[in-house]
Amino acid sequence: QSALTQPPSASGSPGQSVTISCTGTSSDVGGYNYVSWYQQHPGKAPKLMISEVTKRPSGVPDRFSGSKSGNTASLTVSGLQAEDEADYYCSSYAGSNIYVFGTGTKVTVL
Amino acid sequence: QVQLVQSGAEVKKPGASVKVSCQASGYSFTTYYLHWVRQAPGQGLEWMGILNPSGGSTTYAQNFQGRVTMTRDTSTSTLYMEVSSLRSEDTAVYYCAREPRGSGTYDYWGQGTLVTVSS
């Protein structure tokens, strides 16, 4: 199972929006609505930001939103804040109890 | 509150084995799937495998089949992962993570366990 493809980096000024893509195949991202997104600050465990493509867990700011079209899922962070600077990873179910992560994207707040 | 508390850092020599534990609390242990995920220094997240605590069934990523064994002890709500034939490339932080069944989502994570493989 190959890793999902994410851009290595993305950036934006405070208050702007940034969108991160996560491209897979019809066997993972395109085949299931089980795409989730995680935020990871240096030295910390990942934190769930979006589940099942679009669901935002309690406590996650509504500046974070998810979507999917075909084999590509996306995470959008609106109204960027300094604390949003982190690594972001997507994850997808790939069938037969197999799961896969994306390659990761470093978001920089300029 | 839900907690996943992992065992402490380990230093192992190449060829040795390591067993990492993850003790769950704050929820019914057998009603959520559990996963292991690793992260090599400066690298991304890598899914290793899943265990269903209810029956103990497991599925491993192809990269780890034959070298990783996941088990659990329901009496202590503890998940274990053993990696054998360690090599330097296995140096990483290993995380356990909980999945609400049927969600494909890791909603709680352990704090991570650093395993260093060095001669």
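Described in the following lines is the structure provided in the data block.

The rules behind the values
Residues numbered from 1 in each chain as written. Chains lettered and ligands numbered in written order. Predicted model: local features only at pLDDT ≥ 70, side-chain atom pairs only at ≥ 80, totals over all residues. Heavy atoms only, no water. Helix = DSSP H or I, 4+ residues; strand = E, 2+ residues; numbered from the N terminus. Rg over C-alpha atoms; globule rule 2.2 N^0.38 Å. Contact = heavy atoms within 4.5 Å. Areas by Shrake-Rupley, 256 points an atom, 1.4 Å probe, with all protein chains shown as cover. Lys, Arg positive; Asp, Glu negative; His and termini not counted. Charge placed at Lys NZ, Arg CZ, Asp CG, Glu CD. Buried < 20%, exposed > 50% of the residue type's maximum accessible area, 1.4 Å probe, protein only. Phe/Tyr/Trp six-rings, centres within 6.5 Å; stacked < 30°, edge-to-face > 60°. Buried area = accessible area lost by both parts, 1.4 Å probe. Salt bridge = Lys/Arg side-chain N within 4 Å of Asp/Glu carboxyl O. Nonpolar A, V, L, I, M, F, W, Y, C, P; charged D, E, K, R; others polar. Pairing = 2+ DSSP bridges. Axes fitted to C-alpha atoms, helices over the stretch in contact; angles between N-to-C directions. Core = buried A, V, L, I, M, F, W, Y, C linked by side-chain atoms within 4.5 Å.

As for the overall build of chain B
Then step 1. When helices and strands are tallied, chain B shows 0 helices and 11 strands.
Then step 2. Put simply, chain B runs from its N terminus to its C terminus through helices and strands in the order β-β-β-β-β-β-β-β-β-β-β.
Then step 3. Against the globule reference of 14 Å for 119 residues, chain B gives a C-alpha radius of gyration of 14 Å, in line with a compact fold.
Then step 4. Expressed along its principal axes, the backbone C-alpha trace of chain B runs to roughly 40 × 30 × 25 Å.
Then step 5. Partitioning the contacts of chain B with sequence separation of at least 6, the portion at a separation of at least 24 is 53%.
Then step 6. For chain B, the accessible area works out to roughly 5200 Å², and carbon and sulfur atoms hold 43% of it.
Then step 7. Positive and negative side-chain charges in chain B, numbering 9 and 8 respectively, have mean positions lying 3 Å apart.

Here's the deal with the overall build of chain A
Then step 1. In terms of helices and strands, chain A carries 0 helices and 9 strands.
Then step 2. Over its C-alpha atoms chain A spans a radius of gyration of 13 Å, differing by no more than 12% from the 13 Å that the globule rule assigns to 110 residues.
Then step 3. On the principal axes, the C-alpha backbone points of chain A span a range of 40 × 25 × 25 Å.
Then step 4. The buried share of chain A, reckoned over its 110 residues, is 45%.
Then step 5. Counted over contacts in chain A with a minimum sequence separation of 6, partners at least 24 positions apart contribute 58%.
Then step 6. Accessible area of chain A: about 4800 Å², with a carbon and sulfur share of 46%.

Section: the packing of aromatic side chains
Then step 1. Scanning the entire structure with this criterion turns up 13 aromatic pairs over all chains.
Then step 2. With a centroid separation of 5.1 Å and an interplanar angle of 70°, the aromatic rings of tyrosine 93 of chain A and tyrosine 99 of chain A are classed as edge-to-face.
Then step 3. By relative accessible area, which is 15% here, tyrosine 93 of chain A ends up buried.
Then step 4. On the basis of an interplanar angle of 25° and a centroid distance of 5.5 Å, the ring pair of phenylalanine 101 of chain A and tyrosine 106 of chain B is categorised as stacked.

Here's the deal with the interface of chain B and chain A
Then step 1. On the chain A side, the residues contacting the 22 residues of chain B number 18 residues.
Then step 2. Summed over the three residues of chain B that lose the most area to chain A, namely Leu45, Trp47 and Tyr106 of chain B, the buried surface amounts to 33% of that side.
Then step 3. Viewed at the interface, chain A and chain B are joined by 0 salt bridges.
Then step 4. For the side of chain B that touches chain A, the element with the highest residue contribution is strand β5 (residues 45-51) of chain B, accounting for 4 residues.
Then step 5. In terms of residue class, the side of chain B that touches chain A is built from 8 nonpolar, 11 polar and 3 charged.

As for the sheet that holds strand β7 (residues 68-73) of chain B
Hydrogen bonding along the main chain pairs the strands of a sheet, whether they run parallel or antiparallel.
Residues and elements named next belong to chain B.
Then step 1. Read across the sheet, 4 strands follow the order β1-β3-β8-β7 without closing on themselves; strand pairing throughout is antiparallel. Looking along the sheet, the strands with just one partner apiece sit at the ends: β1 (3-6) and β7. Put simply, the sheet's adjacent strands are angled 20° from each other on average, direction ignored.
Then step 2. Pairing analysis gives 6 bridges linking β7 to strand β8 (residues 78-83), with the strands arranged antiparallel. Within β8, the residue paired with threonine 69 across the bridge is glutamate 82.

Regarding the nonpolar core
Then step 1. Counting 43 residues, the largest nonpolar core has Trp36, Trp47, Met48 and Trp109 of chain B as its most contacted members.
Then step 2. Counting 23 residues, the second-largest nonpolar core is a separate cluster that includes Met49, Val60, Phe64 and Val77 of chain A.

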